[in-house]
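Spelled out, the chains give:
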Amino acid sequence: QETTAFLLEALKDNKQEHAYLQTKLLEINLIGGAPQVADAIMQNGILTHYDRAHIGKLCERAGMWQRAAEHYTDIKDITRVFKNSHQMNPEFVVAYFGKLNRDQSIMLLKDMMSRGPNNMQVCVEVAKKYHDELGSEELVKVFESNKATEGLYYYLGAIVNFSEDA
């Protein structure tokens, strides 16, 4: 706690040259049994120059799936973290798809649906929100390839009156 307080004070100016110390501060808390402190620091946006990939891995080890996802840009890392999407806030999951490109979104949806019905509700919400960007035809294929007829039913029911797809 003392180390954290000292480093927070020393790093409050959030300078690029303090990137290593910012990483160490988060690392100390994530590994040292105070992940909630690291979470609060990241939540407040106090530090922005730390090693995001390294901290993402540590968040993952601490079971902080949403924080880990926020730190990744590689779809392999994102897909790995989203294996735990059933433990994430559904609103976070839906909003996260807004950060991905079309191919990444389709790939991640396929992966999430392939793991069974636990993710179906959130997958339907993603499909409804981003159907213009992802394409209704492609989304139907994703539901059909996973034999997710119930999900397909809810998705189509939500968009049928609004879609201009033939």
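Quick caveat, the model's predicted, so the values are computed rather than measured.

## Here's the deal with the overall build of the chain
No. 1: When you go through the chain residue by residue, the secondary structure sums to eleven helices and zero strands.
No. 2: Put simply, the chain runs from its N terminus to its C terminus through helices and strands in the order α-α-α-α-α-α-α-α-α-α-α.
No. 3: In terms of overall dimensions, the chain has a C-alpha envelope of 60 × 25 × 20 Å along the principal axes.
No. 4: Considering the chain as a whole, with its 166 residues, one finds that 44% of them fall into the buried category.
No. 5: Partitioning the contacts of the chain with sequence separation of at least 6, the portion at a separation of at least 24 is 53%.
No. 6: As presented, the chain carries roughly 9600 Å² of accessible surface, and 51% of it is formed by carbon and sulfur atoms.
No. 7: Measuring between centres, the 18 positive side-chain charges of the chain sit 5 Å from its 23 negative side-chain charges.

## Focus on the nonpolar core
No. 1: If you look at the biggest cluster of nonpolar residues, it comprises 50 residues, and the most contacted ones within it are Phe82, Phe97, Leu109 and Phe143.
No. 2: With eight residues, helix α9 (residues 120-134) is the single largest residue contributor to this core.
No. 3: Not counting chain neighbours up to four residues away, the residues in contact with Phe143 comprise Met113, Met120, Cys123, Val124, Ala127, Ala148, Gly151, Leu152 and Tyr155.

## Quick look at the packing of aromatic side chains
No. 1: On inspection of all chains with the given rule, the structure shows five aromatic pairs.
No. 2: With a centroid separation of 5.2 Å and 45° between ring planes, the pair formed by Phe82 and Tyr96 is classed as tilted. With a gap of 14 residues between them, Phe82 in the loop between α6 (75-81) and α7 (90-96) and Tyr96 in helix α7 connect regions that are remote in the sequence.

## As for the pattern of salt bridges
No. 1: Scanning all chains against the criterion turns up nine salt bridges.
No. 2: Arg80 is the partner of Asp77 in a salt bridge, and the nearest nitrogen-oxygen pair spans 3.0 Å. Here the residue Asp77 and the residue Arg80 both occupy positions in helix α6, the gap between them amounting to three residues, near one helical turn.
No. 3: Linking Asp111 and Arg115 is a salt bridge whose minimum nitrogen-to-oxygen distance equals 1.9 Å.
No. 4: Exposure remark for Asp111: the relative accessible area of 19% places this residue in the buried category.

## Details of helix α2 (residues 19-31)
Residues lying three or four places apart along an α-helix face the same way, a consequence of the helix completing one turn every 3.6 residues.
No. 1: Here α2 is 13 residues long and its end C-alpha atoms lie 18 Å apart, about the 18 Å a rise of 1.5 Å per residue gives.
No. 2: Tucked into the core, α2 has its buried residues touching α1 (2-10), α3 (35-44) and α4 (52-61).
No. 3: The first or second residue beyond α2 is Gly33, which carries a positive phi of 90°.

## Some details on the environment of Ala53
No. 1: Along the chain, Ala53 turns up in helix α4.
No. 2: Taking the C-alpha atoms as reference points, Ala53 and Phe97, separated by 44 residues in sequence, lie 19 Å from one another.

## Overview of helix α11 (residues 149-159)
No. 1: Among the residues of α11, Gly151, Leu152, Tyr155 and Ile159 are the ones counted as buried. Down the axis, α11 shows its buried residues gathered within 100° of arc, on one side only. Every exposed residue of α11 that faces more than 90 degrees away from the buried side is listed here: Thr149, Glu150, Tyr153 and Gly157.
No. 2: In this fold, the buried residues of α11 make contact with α9 and α10 (136-145).

Rules of the game
Residues numbered from 1 in each chain as written. Predicted model: local features only at pLDDT ≥ 70, side-chain atom pairs only at ≥ 80, totals over all residues. Heavy atoms only, no water. Helix = DSSP H or I, 4+ residues; strand = E, 2+ residues; numbered from the N terminus. Buried < 20%, exposed > 50% of the residue type's maximum accessible area, 1.4 Å probe, protein only. Contact = heavy atoms within 4.5 Å. Areas by Shrake-Rupley, 256 points an atom, 1.4 Å probe, with all protein chains shown as cover. Lys, Arg positive; Asp, Glu negative; His and termini not counted. Charge placed at Lys NZ, Arg CZ, Asp CG, Glu CD. Core = buried A, V, L, I, M, F, W, Y, C linked by side-chain atoms within 4.5 Å. Phe/Tyr/Trp six-rings, centres within 6.5 Å; stacked < 30°, edge-to-face > 60°. Salt bridge = Lys/Arg side-chain N within 4 Å of Asp/Glu carboxyl O. Expected span 1.5 Å × (residues − 1). Arc of directions from axis to C-beta.

Note that every value here comes from positions in space, so none of it alone points to a role or purpose.
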